[in-house]
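Coordinates in review
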Amino acid sequence: MKRRDFLRLGVLGAAGAILGPAELAGAAKKASGPLPFPAPVYRTLGRTGLKITVVSFGAMLTPEPEVIRTALDHGVNYIDTARVYMGGRNEEVVAKAIKGIRNKVHVATKIRSRSRTKEAMIEDVETSLRALETDHIDVIQLHSLTGRERIFEPEMREALLRLRRQGKVRFFGVTTHTNEAEVVNALVDDPDRFFDMALVKYNFRSGEDVKKAIARAAQAGIGIVAMKTQAGGYTTDALGPISPHQAALKWALSDRNVTAAVPGMRDMAELREDIAVMGMRLTLADSLILRYYGAAVASQYCHMCGKCEETCPRGVQISVVNRSLMYAESYRSPELARATYGGIPPQASAAACLGCGRCTARCVNGLDIAAKMARAREMMA
Ligand code: SF4
Ligand code: SF4
């Protein structure tokens with residue numbers, strides 16, 4: 001079932017808390033209908049001072065610029081893209097969407113994880129500027145950090161400072177799906193407070209350590225944007241026709257230390273569903289939906305914590321393989337899945353499992369790692 005086929009439950013109130021999945025579905029049916037575009041709601045992105053819409057635009061899955069443009073026409077003013085999305089074409093889609101209104105929109109993009117030298121990072125930004133058809137990037141982020149080391153690299157800082165002196169980038173950020181608490185805490189502990197913001201995997205399945213790190217960051221003036229708010233966005237029959245998407249978004253935004261979320265919006269239906277959340281509050285019914293949904297996807301959803309990796313004798317990057325699999329199976333984006341999987345060194349990909357024998361890697365959340373690695377091998381072959 002595709003996401004747009006689900007019903008939304010945003011308008012159900014506290015009464016939903018006493019309902020089971022079937023009753024919730026019935027109530028949702030009555031509550032469903034065309035979703036209006038809401039008045040935009042803004043929060044400030046830490047010390048950048050940028051006032052951005054709490055539901056901003058994650059462009060990674062959006063093939064049509066018109067979808068992004070419609071959001072912008074209704075007040076959304078922050079777009080998150082990256083060099084690697086859509087095989088390098090995503091920034092071009094964003095360029096078409098912002099044509100003629102560049103000064104009304106804040107654009108965030110990313111330097112690829114494999115670009116480690118000063119020259120490579122600068123070349124990435126120059127390429128992004130050309131693709132986005134703009135003379136500056138509002139927020140440039142180091143893509144996909146998994147630990148604290150990279151935050152302190154002098155060569156990286158030199159490159160970013162040079163780009164800022166040249167007026168090509170305004171603010172610095174990082175993104176993280178793994179070890180989020182360590183990465184965010186390192187930004188706070190950095191005596192130079194070099195980075196202005198972080199794009200962080202944050203959802204109703206996240207641990208207390210991530211929540212606390214986000215609170216520290218907000219306190220320190222480091223803006224927090226939430227991604228992967230849908231905990232994989234897997235489809236499940238457990239909720240019948242109810243969509244958990246609005247509830248999951250509301251959960252992330254109910255944390256006032258989060259400035260905004262950037263859900264990926266593929267088409268107009270997803271856009272309407274997501275931006276309708278602006279101005280809504282998390283209800284007891286939402287919490288119930290998230291409980292049912294979380295239980296239903298528990299055997300599929302990888303927290304990308306990386307804790308299993310020390311139990312794999314061959315050093316397979318299990319969390320990244322699982323993220324690639326999620327892009328393929330849930331996000332329905334084979335391109336992104338391949339780009340992510342392609343970034344793993346071959347000796348640390350799922351191919352390294354061949355001939356390993358019995359899998360000794362252990363998931364702290366009970367996922368069947370061997371099965372996931374086998375599926376990834378099959379899909380990425
Ligand atoms: S089968 Fe399991 S233990 Fe063996 S390499 Fe793969 S993930 Fe590691
Ligand atoms: S497979 Fe399990 S332990 Fe490994 S990253 Fe995913 S959730 Fe963490």
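So, here is what we can say about the structure in this document.

About the cut-offs
Throughout this description, residue numbers start from 1 for each chain and increase along the sequence as written. Chains and ligands are labelled sequentially in the order written, the chains with letters from A and the ligands with numbers from 1. In view of the model being predicted, local features appear only for residues whose pLDDT reaches at least 70, and side-chain atom pairs are presented and counted only at 80 or more, with totals across whole chains, interfaces and linings using the full set of residues. Each side-chain value is worked out from all heavy atoms of the structure, with water and hydrogens disregarded. Runs of E in the DSSP output that reach at least two residues are strands. Runs of H or I that reach at least four are helices, and both are numbered from the N terminus. Three labels apply to residues, based on accessible area from a 1.4 Å probe with only protein chains included: buried if under 20% of the type maximum, exposed if over 50%, partly exposed otherwise in between. Contact criterion: two residues are considered in contact whenever any of their non-hydrogen atoms come within 4.5 Å of each other. Per-residue and other accessible areas were derived by the Shrake-Rupley procedure at a 1.4 Å probe size, with only the shown protein chains allowed to occlude residues. Positive: Lys, Arg. Negative: Asp, Glu. His and the chain ends are not part of the count. Lysine's charge is taken at NZ, arginine's at CZ, aspartate's at CG and glutamate's at CD. Here a residue is near a molecule or strand as soon as one of its heavy atoms is found within 4 Å of it. When residues are grouped by polarity, Ala, Val, Leu, Ile, Met, Phe, Trp, Tyr, Cys and Pro land in nonpolar, Asp, Glu, Lys and Arg in charged, and all others, Gly among them, in polar. Grid spacing is 1 Å over the protein atoms alone, the probe is 1.4 Å, and a cavity is where that probe fits but cannot get out, while a pocket is an open set with protein on both sides within 12 Å along at least five of seven lines and lining residues have an atom within 4 Å of a point. Here the criterion for a molecule occupying a pocket or cavity is that more than half of its atoms lie within 2 Å of the pocket grid points. Whether two strands pair comes down to DSSP finding at least two bridges between them. Convention used here: a crossover is right-handed provided that the path from the first strand, over the helix, to the second strand proceeds clockwise when the strands point away from the viewer.

With respect to the overall build of the chain
Scanning the chain for helices and strands turns up 13 helices and 10 strands. Oriented by its inertia axes, the alpha-carbon framework of the chain measures out at about 60 × 55 × 35 Å. Out of the 381 residues belonging to the chain, those deemed buried represent 57%. Across the chain, the fraction of contacts at a sequence separation of at least 24, relative to all contacts at a separation of at least 6, is 78%. Carbon and sulfur atoms provide 52% of the accessible area of the chain, an area that totals close to 15,700 Å². Charge-centre separation for the chain: the mean point of 53 positive side chains lies 2 Å from the mean point of 40 negative side chains.

Concerning the site of ligand 1
Every residue close to ligand 1 is listed here: Cys312, Pro313, Arg314, Val316, Cys353, Cys356, Cys359, Thr360 and Ala361. Residue classes in the shell around ligand 1 are distributed as 7 nonpolar, 1 polar and 1 charged.

Observations regarding the site of ligand 2
With respect to spatial proximity, the complete set of residues near ligand 2 consists of Cys302, His303, Met304, Cys305, Gly306, Cys308, Ser319, Asn322, Cys363, Val364 and Asn365. Applying the majority rule of atoms within 2 Å of the grid points places ligand 2 in the largest cavity. When the residues that make up the shell around ligand 2 are grouped by side-chain class, the tally is 6 nonpolar, 5 polar and no charged.

Some thoughts on the pairing of strand E7 (residues 169-176)
Most of E7 sits out of view: 7 of its 8 residues are buried. Where strand E6 (residues 137-142) meets E7, 5 bridges bridge the pair, whose relative direction is parallel. When the bridges of E7 are listed, leucine 142 appears paired with valine 174. Tracing the backbone out of E6, into helix H5 (residues 154-165) and back to the parallel element E7 gives a crossover that is right-handed. Strand direction decides the pairing type here: E7 and strand E8 (residues 197-201), joined by 4 bridges, are parallel. Counted as the bridge partner of glycine 173 is methionine 197 from E8. In the classification by handedness, the crossover that spans E7, the intervening helix H6 (residues 180-189) and the parallel E8 is right-handed.

A look at the sheet that holds strand E9 (residues 223-227)
Spatially, E3-E4-E5-E6-E7-E8-E9-E10 is the arrangement adopted by the 8 strands of the open sheet, whose pairing is parallel. Each of the sheet's edge strands pairs with one partner strand only, and the pair in question is strand E3 (57-58) and strand E10 (260-261).

Some remarks on the environment of glutamate 309
Assignment of secondary structure puts glutamate 309 in the loop between helix H10 (284-297) and helix H11 (318-329). C-alpha of glutamate 309 to C-alpha of leucine 129: the two residues are 180 residues apart in sequence and 36 Å apart in space. The contacts of glutamate 309, once residues within four sequence positions are left out, are Val316, Gln317, Ile318, Ser319 and Val320.

A few points about H6
Here H6 lies mainly inside the structure; 7 of its 10 residues are buried. Buried residues of H6: Glu180, Ala181, Val183, Val184, Ala186, Leu187 and Val188, and no others. Those residues of H6 that are buried lie in contact with E7, E8, helix H7 (208-219) and E9.

Comments concerning unusual backbone geometry
In this model, lysine 228 sits at a positive phi of 50 degrees, which is unusual for a non-glycine residue. Within the secondary structure layout, lysine 228 lies in the loop between E9 and helix H8 (245-253). Phi angles above zero are rare outside glycine, and methionine 304 is one such case at about 55 degrees. Summarising the element assignment, methionine 304 is placed in the loop between H10 and H11. Classification of methionine 304 as buried rests on a relative accessible area of 1%.

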